[in-house]
Structure formats: structure tokens, C-alpha cells
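This is what each chain is made of:
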Amino acid sequence: MTNQMKTAFTAKKALIPFITAGYPNLGVTQQLLVAAAHAGADMLEVSIPFSDPVAGGVTIQKADETALRAGTTTDGVFDMLANVRKQIDTPLILMSYMNPIYVYGMERFFARCADCGIDAVSVPDVPYEERELLVPYCKKYGIQLTEMIVSATKERIRTLAKAAQGFVNCVPIPSKRPEVITDLAEMIPLIKLEQDIPCVVGCDAGSAEELPPFLQEVDGIIVDTQLVQKIEQYGENCIEPCCEYIRTIKQALC
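Residues numbered from 1 in each chain as written. Predicted model: local features only at pLDDT ≥ 70, side-chain atom pairs only at ≥ 80, totals over all residues. Heavy atoms only, no water.

Student: Help me get a handle on the overall build of the protein chain, residues and values and all.
Tutor: Helix and strand content of the protein chain: 11 helices and nine strands. In terms of overall size, the protein chain behaves like a compact globule, its C-alpha atoms giving a radius of gyration of 17 Å where 254 residues would be expected to give roughly 18 Å. Overall, the protein chain is about 45 × 45 × 35 Å in size when its C-alpha atoms are taken along their principal axes. The burial tally for the protein chain puts 52% of its 254 residues in the buried class. Summed over its atoms, the accessible surface of the protein chain is roughly 11300 Å², and 49% of this surface lies on carbon and sulfur atoms. Separation of charge centres in the protein chain, based on 22 positive and 32 negative side chains, amounts to 4 Å. (Helix = DSSP H or I, 4+ residues; strand = E, 2+ residues; numbered from the N terminus. Rg over C-alpha atoms; globule rule 2.2 N^0.38 Å. Buried < 20%, exposed > 50% of the residue type's maximum accessible area, 1.4 Å probe, protein only. Areas by Shrake-Rupley, 256 points an atom, 1.4 Å probe, with all protein chains shown as cover. Lys, Arg positive; Asp, Glu negative; His and termini not counted. Charge placed at Lys NZ, Arg CZ, Asp CG, Glu CD.)

Okay, structure coming up:
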């Protein structure tokens, strides 16, 4: 983990805003990322828009579709992030599905990540059994490969945790199978048995009062849907409403 990423998890719960690049356009995304860092974001997760974002809900899918219709490209996202990196030193996590990476070219993709100062990459549709497609490039260019751990058996959770880098994004979902761990209070200790790695979880709280009780279990939260909805509501004037939301949530986490 980079020093900046380690600092984000030091003696506090990290706040990680998730922002779809190019929604409503790349110029606004660049301004919003810089402003979000100044508003208190500990890390920033930026998503390359994709036509089939299976790890996101309807709101994020609409944002991806809008960004793609606006002409957002992978090159455009990298150029924008290079400009962002010149203005802030907040850790940047780039989220992409495998298809855009493959089409762009694996070597070229990770080389550009390094050039733009990306700290970590998240690829939610690449399963553990295929992560070795990415690992050599991550090692070569000094990029962390974060792990998403969805509710699973104890053995599966521990296997995924052992390979994780940077931090773990925990996604507890209901299951009718009794052997599947669906409770964060049980999942996170299993992960930390394998390595002392920060665990974060997605959070859709609309205000500080709506923050869920599971916060005591985690090292940080990712806020996504609420930010995307504010961008949808305010369009190019979304920066201050988004930053006010970030400031409010950050203050509640401290």
C-alpha cells in the first residue's frame, strides 16, 4: 500500500467518494475530484464508464450511459486524471471492468495508470481465479490490486483475503445457504485473520443521521449512489452540493 493510502486509514475511518468519470462531462469530473479532496475525501475512486456495469445499480448504470453518450473515452479519463494528480496528492483508485482494459491493451493501461499517479486499480468482474491476468502488470507498474469480497464461505473469504492488496471492499449480500457468511461482524474478522488489511463497505446514507451501525466494524466507507444522484440533480452545478455532502459525512466519521 502506498504511504498516502496507509495515511487514509490511520486512526480514523476513511471516506472514499465514488465518481463516474465523464458524468456529466470530464471537465466537471476533474473539478469535482479536486474539490472533493479539499472537502475531506481520504481517497477517491474513479470509474471508467462501461456499457454493462454489473457491480453497480440502476443509478450508476445511468451515469455510465450518460458519460459514454457524452463521448468519454479511456484516453480522456487518463488525461483528466493526469491533470487531477497535478493538483492533489489524495490516493486515486481507478475502477474499470475487464473489457475496457483488454481493449485498451493491458501493458498500455497499467503504464498510463503509473504515469497518471494511480495508486490502486479495482476490477470487479475479474474473479480470483483469473486475477493473475492483472497481477504481473500491477507489480511491474507499482499499482495495488484491490479485492472485492462478496458474501461467501469461510474458506473462500480467507482465500480472497490472503491475496488482497491495498484494502478490501466488503459486499455482504443475503444468502439462503447456511455456510455463506453474510454478516460484516463475522466477515471482517475472517479477513483480518489472513492479513491486517483495511476493510471498507459501500454506504448509501443520505445524511450523517442515516449512517448505519455497521460503521464500527469497518475501516472506511465508499459513498457512491448519493453522489451520483446529486450530479444527476444539479448537473454542471453539482460540485458544491457534492462537497457539502462529503464534508457532512466526513465530520460524522471523525
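Now that the structure has been shown, the text picks up again.
Student: Quick one: what's the story with the sheet that holds strand β2 (residues 44–47), residue by residue and with numbers?
Tutor: In space, the nine strands of this open sheet follow the order β5-β4-β3-β2-β1-β9-β8-β7-β6, with parallel pairing throughout. Each edge of the open sheet is held by one strand with a lone partner, namely β5 (144–145) and β6 (147–150). As paired strands, strand β3 (residues 92–95) and strand β4 (residues 120–122) are joined by three bridges and run parallel to one another. Along β4, the bridge assignment pairs I93 with A120. Strands in contact with helix α9 (residues 184–194) are β6, β7 (168–171) and β8 (199–202); relative to β7, the strand with the most contacts, it is inclined by about 150°. Against the sheet, helix α11 (residues 239–253) engages β1 (14–20) and β9 (220–223), with an angle of about 155° to β1. (Pairing = 2+ DSSP bridges. Contact = heavy atoms within 4.5 Å. Axes fitted to C-alpha atoms, helices over the stretch in contact; angles between N-to-C directions.)

Student: Requested: an account of the packing of aromatic side chains, with residues and values cited.
Tutor: According to the stated counting rule, one finds seven aromatic pairs in the structure shown. Ring plane angle 85° and centroid distance 6.3 Å describe the contact between Y104 and F109, whose orientation is recorded as edge-to-face. Grouping residues by exposure puts Y104 and F109 together as buried. Taken together, the ring pairs connect F78, Y104, F109, F110 and Y137 into an aromatic cluster. (Phe/Tyr/Trp six-rings, centres within 6.5 Å; stacked < 30°, edge-to-face > 60°.)

Student: Could you give me a rundown of α9, with the residues and numbers involved?
Tutor: Among the residues making up α9, those that are buried are L184, M187, I188, L190 and I191. Seen from one end, α9 has its buried residues packed into an arc of 160°, which puts them on one side. On its buried face, α9 sits against β6, α8 (154–163), β7 and β8. (Arc of directions from axis to C-beta.)

Student: Mind laying out the side chain of K250, listing which residues take part and the relevant values?
Tutor: Among the structural elements, K250 can be located in helix α11. Apart from residues lying up to four places away in sequence, K250 is in contact with K12, K13, L15, G40 and D42.

Student: Residue-level account of unusual backbone geometry, with values.
Tutor: In this structure, the amide linkage connecting Y23 to the following residue, P24, adopts the cis form with an omega of 5°. Take P24: it is sitting in the loop between β1 and α2 (26–39).

Student: Give me the lowdown on the environment of M95, citing residues and values where you can.
Tutor: For M95, the location among the structural elements is in strand β3. Residue M95 is classed as buried on the basis of its relative accessible area of 7%. Between the C-alpha atoms of M95 and S122, which are 27 residues apart in sequence, the distance is 4.6 Å. Beyond its immediate sequence surroundings of up to four residues, M95 is in contact with F18, E45, V46, S47, I48, S122 and P124.

Student: Can you explain the environment of D64? Please cite residues and give values.
Tutor: The residue D64 is located in helix α3 (residues 58–69) in this model. We classify D64 as buried; its relative accessible area is 1%. Between the alpha carbons of D64 and D42 there is a distance of 24 Å; along the sequence they are 22 residues apart. In this view, D64 contacts T20, I48, P49, F50 and P53; residues no more than four positions away in its chain are not counted. Polar contacts involving the side chain of D64 include one to the main-chain amide nitrogen of F50, which spans 3.0 Å. (Polar contact = N/O pair within 3.5 Å; in protein donor to acceptor, adjacent residues only side chain to side chain.)

So, to be careful, I would describe these as geometric facts and stop short of saying anything about function.
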